[in-house]
Amino acid sequence: MSSSTPRIAIVGAGPGGLLLARYLQIHSIPCAVYERESSRHVRSQGGSLDLHVESGQRALKDVGLFDQFKKLARTEGEQLKIIDKTGALLFDSPPGGGGGRPEIDRTELRDMLLDSLEPDTVKWDHFVSATPIPSSSGYTLTFANRPCATVDILVGADGAWSHIRPLLTSVRPLYSSITFIELSISNIKRHPHLISLIGNGMAFIMSEGKGIIPQRNSSGTVKVYVGLQVPENWLEQNPLPSNASAAKDFVAGLFPGWNTELLELIHAADNEPIVGRKIYALPPDLTWSTDSKGIALLGDAAHVMSPFAGQGVNLALLDASEIGAALVEALAPKTRKSEPPLSLQETLAEVDKGFRNYELAMWKRAQKNGRKSAASLDFMFADDSPAGIVKFFNSFGPPPPPPPMLPPLILDSGDSKGFGQGNSEYI
Ligand SMILES: Cc1cc2nc3c(=O)[nH]c(=O)nc-3n(C[C@H](O)[C@H](O)[C@H](O)COP(=O)(O)OP(=O)(O)OC[C@H]3O[C@@H](n4cnc5c(N)ncnc54)[C@H](O)[C@@H]3O)c2cc1C
């Protein structure tokens, strides 16, 4: 490595950080990814993500992983149903997909990205325990129980509670008003009536400003998100019982008067995990200015937003691809035409030009999508829900007529026979 080759650290091995590492490696630019988790297997990565043509899918094409993604993607997972508390089906999209936004499990996406990297790129068990200290020799990263590392270029891909972001702005995410309780049903085939209820993709079962949102994942798993509009300290004031069956009774008890068939989504859940998650968001119009050289943020570290517009991972992947392109432009030998070679300081100035251009594009889309997410949250959890969600999806035009084998569009509210006469042909 020449003295003008900068040392690059990416903090966070989420989808954004990993895609950036892949981008750099296919252009022969070395980098290290520092990740707080101790291995790829330490934690279930959560639910399914739909990748959009213009962002997530484009980024995967940029790093040569699109064909692999297509093999893992579930187009049928695009199906969406909207149901109210009585069980009435108010909206249904075709079960076969075709909307151009196929789903992939988060674990499969992460594994695909990890497997595409050179061995030892990810430094597991490296928790950046404090905001790095900038100095004339670069940024010094401090890890819990590990030696420090000093680097020239630092990319914060460390999610909502980024330890890199304070180098650029003191603004922190704010509570969005929504708390999720997340459950999981690991073998949905044992519950054919729930398969029929959910369909092949996701159902928004919403009323009275709260909801139950089941989502099909691969391998017969369903993630169930219970969404509540509650104060930020609600989970502390209402801790989930440690006994699983008591916890499920407690969660189901939050929906008095709802069709008991719907509450089966809670009672049928596995005993673990049953976890609470508060949803936070940065202000959509957040920007910053900096004199620091060689630093950038991507994904949730730059613009965490509520998940109700389904944009977060798509933006993270696109950000990563654009940062990768900026670094390649500044660093890759084949694109560096000047003679004699640039000094490290000159190289970093080139990198910085690319980073500042990236930020302009990133802020623009973060603002647009952050506002969209906030607006979606408002109508999804409005007192008259699901009226706003139905109106929103109907605004794209009527869904094509269902094929003849589909169950009737309106379930008989309150009548248990309404479920389970379903579309299991499509599973
Ligand atoms: C319930 C829920 C559902 C969602 N559904 C969707 C959806 O359907 N579609 C969609 O597009 N988006 C969705 N999102 C948003 C999406 O998950 C995020 O936008 C996306 O994961 C952001 O990717 P990232 O790489 O920026 O950060 P992350 O995925 O948050 O990854 C950050 C990584 O950094 C590591 N890290 C954190 N701090 C440190 C530290 N100090 N030191 C070292 N490592 C650290 C973490 O362990 C993690 O591996 C959802 C989010 C939630 C909460």
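What counts, and where the lines are drawn
- Residues numbered from 1 in each chain as written.
- Predicted model: local features only at pLDDT ≥ 70, side-chain atom pairs only at ≥ 80, totals over all residues.
- Heavy atoms only, no water.
- Helix = DSSP H or I, 4+ residues; strand = E, 2+ residues; numbered from the N terminus.
- Buried < 20%, exposed > 50% of the residue type's maximum accessible area, 1.4 Å probe, protein only.
- Areas by Shrake-Rupley, 256 points an atom, 1.4 Å probe, with all protein chains shown as cover.
- Contact = heavy atoms within 4.5 Å.
- Polar contact = N/O pair within 3.5 Å; in protein donor to acceptor, adjacent residues only side chain to side chain.
- Pairing = 2+ DSSP bridges.
- Right-handed = clockwise from strand over helix to strand, strands pointing away.
- Near = heavy atom within 4 Å.
- Nonpolar A, V, L, I, M, F, W, Y, C, P; charged D, E, K, R; others polar.
- Domains from an automatic or database assignment.
- Expected span 1.5 Å × (residues − 1).
- Phe/Tyr/Trp six-rings, centres within 6.5 Å; stacked < 30°, edge-to-face > 60°.
- Lys NZ or Arg CZ within 6 Å of the ring centre and 35° of its normal.

**Q** Is there a simple way to think about the overall build of the protein chain in this case?
**A** The secondary structure content of the protein chain amounts to twelve helices and 17 strands. The buried share of the protein chain, reckoned over its 427 residues, is 54%. If you sum the accessible surface of the protein chain, you get close to 18700 Å²; carbon and sulfur atoms cover 53% of it.

**Q** What is the right way to read the environment of Trp124 from this model?
**A** With respect to the helices and strands, the residue Trp124 is situated in the loop between strand 7 (122-123) and strand 8 (133-135). Residues in contact with Trp124, not counting those within four places in the same chain, are Glu35, Glu37, Ser38, Ser39, Arg40, Arg110, Leu114 and Arg146.

**Q** Please explain the side chain of Thr290 as it appears in this structure.
**A** When you line up the elements, Thr290 lands in the loop between strand 16 (275-281) and strand 17 (295-297). Of the polar contacts made by the side chain of Thr290, one reaches the backbone nitrogen of Ser292; its length is 2.8 Å. Once residues lying within four places of it in the same chain are set aside, the contact partners of Thr290 are Leu168 and Arg356.

**Q** Please clarify how the pairing of strand 1 (residues 8-11) should be interpreted in this entry.
**A** Side chains on a regular strand alternate between the two faces of the sheet. Going residue by residue along strand 1, you find Ile8 and Ile10 tucked away on one face and Ala9 and Val11 tucked away on the opposite face as well. Of the pairings in the sheet, the one linking strand 1 to strand 11 (residues 153-156) comprises four bridges and is parallel in character. Counterpart to Ala9 in the pairing with strand 11 is Leu154. Pairing of strand 1 with strand 2 (residues 32-34), which is carried by three bridges, proceeds in the parallel orientation. Across the sheet, Ile10 pairs through a bridge with Val33, a residue of strand 2. In this fold, strand 1 hands off to helix 1 (residues 15-26), which returns the chain to strand 2; that crossover is right-handed.

**Q** Before we go on, may I ask you to explain the site of the ligand in this structure?
**A** Residues in contact with the ligand amount to 35 residues; listed here are only the nearest, Glu35, Arg36, Arg106, Asp300 and Val313. Take Arg36: an N or O atom from its side chain is 2.9 Å from an oxygen atom of the ligand. One of the backbone N or O atoms of Gly312 is found 3.1 Å from an oxygen atom in the ligand. A total of 1000 Å² of accessible area belongs to the ligand in isolation, and the protein chains cover 88% of it. Among the elements of the structure, helix 1, strand 3 (48-50), helix 4 (106-115), strand 12 (174-185) and helix 10 (312-331) are those that each provide at least two residues to the shell around the ligand. By residue number, the principal contributor to the shell around the ligand is helix 10, which donates four residues. Its residues placed into classes, the shell around the ligand shows 13 nonpolar, twelve polar and ten charged. Counting contributing residues per domain, the shell around the ligand is built from domain 1 (8-75 + 100-174 + 282-379) and domain 2 (175-281 + 381-426), each supplying no fewer than three.

**Q** Please explain helix 10 as it appears in this structure.
**A** In an α-helix, one full turn covers 3.6 residues, which means residues spaced three or four apart are oriented alike. The terminal C-alpha atoms of helix 10, which comprises 20 residues, lie 28 Å apart, in line with the 28 Å expected from a rise of 1.5 Å per residue. With respect to burial, helix 10 is a largely interior element, 17 of its 20 residues being buried.

**Q** Looking at this model, I keep getting lost on the packing of aromatic side chains. Mind explaining?
**A** What describes a pair of aromatic rings is the distance from one ring centre to the other and the angle between the planes of the rings. What the rule picks out here adds up to 15 aromatic pairs. Between Trp161 and Tyr280, the ring centres sit 5.0 Å apart and the planes meet at 75 degrees, which makes this aromatic pair edge-to-face. Here the residue Trp161 occupies a position in the loop between strand 11 and strand 12, and Tyr280 occupies one in strand 16, the gap between them amounting to 119 residues. Judged by its relative accessible area of 41%, Trp161 is partly exposed. Both rings, one in Tyr175 and one in Tyr280, keep their centres 5.7 Å apart while their planes meet at 65 degrees; by these two values the pair is edge-to-face. Of this pair, Tyr175 sits in strand 12 while Tyr280 sits in strand 16, and the two are 105 residues apart along the sequence. Residue class for Tyr175 comes out buried when judged on its relative accessible area of 18%. Judged by its relative accessible area of 16%, Tyr280 is buried. Site record: aromatic cluster; members linked through ring pairs are Phe91, Phe379, Phe392, Phe393 and Phe396. When the ring centre of Phe66 is taken as reference, the NZ or CZ atom of Lys61 above it lies at 4.5 Å.

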